[in-house]
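What follows is the residue order along each chain.
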Amino acid sequence: MIVCLAVVGHENNPLYIQSFTESDDALKLHHIVHCSLDVIDERVNNPKKSSPTINEAFLGLLYPTENYKVYGYLTNTKVKFILVTTDLDIRDADVRNFFRKFHAAYVDAVSNPFHVPGKRITSRTFGERVSTIVKSFGLSSAS
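Residues numbered from 1 in each chain as written. Predicted model: local features only at pLDDT ≥ 70, side-chain atom pairs only at ≥ 80, totals over all residues. Heavy atoms only, no water.

Here helix 1 (residues 26–45) is 20 residues long and its end C-alpha atoms lie 29 Å apart, about the 28 Å a rise of 1.5 Å per residue gives. Every buried residue belonging to helix 1 is among Leu29, Ile32, Val33, Ser36, Leu37 and Ile40, and all of these are buried. End-on, the buried residues of helix 1 take up no more than an arc of 165 degrees, which puts them together on one face. Facing away from the buried side of helix 1 by over 90 degrees, the exposed positions are Leu27, His34, Asp38 and Asn45. (Helix = DSSP H or I, 4+ residues; strand = E, 2+ residues; numbered from the N terminus. Expected span 1.5 Å × (residues − 1). Buried < 20%, exposed > 50% of the residue type's maximum accessible area, 1.4 Å probe, protein only. Arc of directions from axis to C-beta.)

Counting buried positions along strand 3 (residues 58–64) gives five out of seven residues, so the element sits mostly inside the fold. Strand direction decides the pairing type here: strand 3 and strand 4 (residues 69–74), joined by five bridges, are antiparallel. Note that in strand 4 the partner of Gly60 across the bridge is Gly72. Here strand 3 hands over to strand 4 after four residues, the two strands then running antiparallel side by side. (Pairing = 2+ DSSP bridges.)

Before going further, it helps to spend a moment on the layout of surface pockets. One number sums up the size of the largest pocket: a volume of about 220 Å³. In terms of lining residues, the largest pocket is bounded by 17 residues, among which Leu15, Thr77, Val79, Tyr106 and Gly118 are the most central. By residue number, the principal contributor to the lining of the largest pocket is helix 2 (residues 92–110), which donates four residues. When the residues that make up the lining of the largest pocket are grouped by side-chain class, the tally is six nonpolar, nine polar and two charged. (1 Å grid on protein atoms, 1.4 Å probe; cavity = no way out; pocket = protein on both sides within 12 Å on 5 of 7 lines; lining within 4 Å. Points joined across faces, edges and corners; volume = space filled by probe spheres on them. Nonpolar A, V, L, I, M, F, W, Y, C, P; charged D, E, K, R; others polar.)

Moving on: the sheet that holds strand 1 (residues 2–8). Reading across the sheet, the five strands line up as 2-1-5-4-3 and stay open at both edges, with antiparallel pairing between neighbours. Single-partner strands in this sheet number two, and they are strand 2 (14–19) and strand 3. Direction aside, the axes of adjacent strands within the sheet are offset by 15 degrees on average. Two strands pair when backbone bridges link them, and strand 1 and strand 2 are joined in this way by five bridges, in the antiparallel orientation. In the sheet register, Ala6 faces strand 2, and the bridge partner there is Ile17. Helix-sheet contacts for helix 2 involve strand 1, strand 2, strand 3, strand 4 and strand 5 (80–85), and the interaxial angle to strand 5 is about 135 degrees. (Axes fitted to C-alpha atoms, helices over the stretch in contact; angles between N-to-C directions. Contact = heavy atoms within 4.5 Å.)

Take unusual backbone geometry next. With a phi angle near 60 degrees, Asn12 is a residue other than glycine that sits in the positive phi range. Mapped onto the elements of the fold, Asn12 is located in the loop between strand 1 and strand 2. Positive phi is not limited to glycine here, since Lys78 has a value of about 65 degrees. By the secondary structure assignment, Lys78 is in the loop between strand 4 and strand 5. For Lys78, a relative accessible area of 44% puts it in the partly exposed group.

Shape descriptors only; they carry no functional weight alone.
The following block contains the structure:
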């Protein structure tokens with residue numbers, strides 16, 4: 001189950017962050033997202049230590065915690081997508097597919113002529129589309 005999803009700008013400014021939990025874990029999840037930015041920077045700036053395919057947008061598993069797994073995705077404009085999930089037995093192919101759909105929704109949101117680049121994404125349509133993608137991710141990983 002996806003518990004948090006974030007879009008972080010190229011200057012590490014939060015553009016969109018959404019928690020999908022009923023409990024009061026929002027602050028903890030925001031902290032996990034913030035900590036994952038260091039891991040992304042390390043992978044991008046030190047390509048020798050990470051995988052040889054640095055041109056790949058999908059960064060894979062950034063780090064696991066006791067209760068969560070954190071995945072990353074880097075666009076060609078250096079915008080970072082961060083996914084926090086409670087599924088400990090998730091396939092990379094499912095996460096890649098999720099990020100592809102999410103990236104398409106992000107591109108549509110920032111292509112809106114009324115969106116100011118570098119500012120928070122406040123589009124209600126984007127939020128609804130993200131909710132649909134998150135719900136479909138839960139269904140596809142359960143089968």
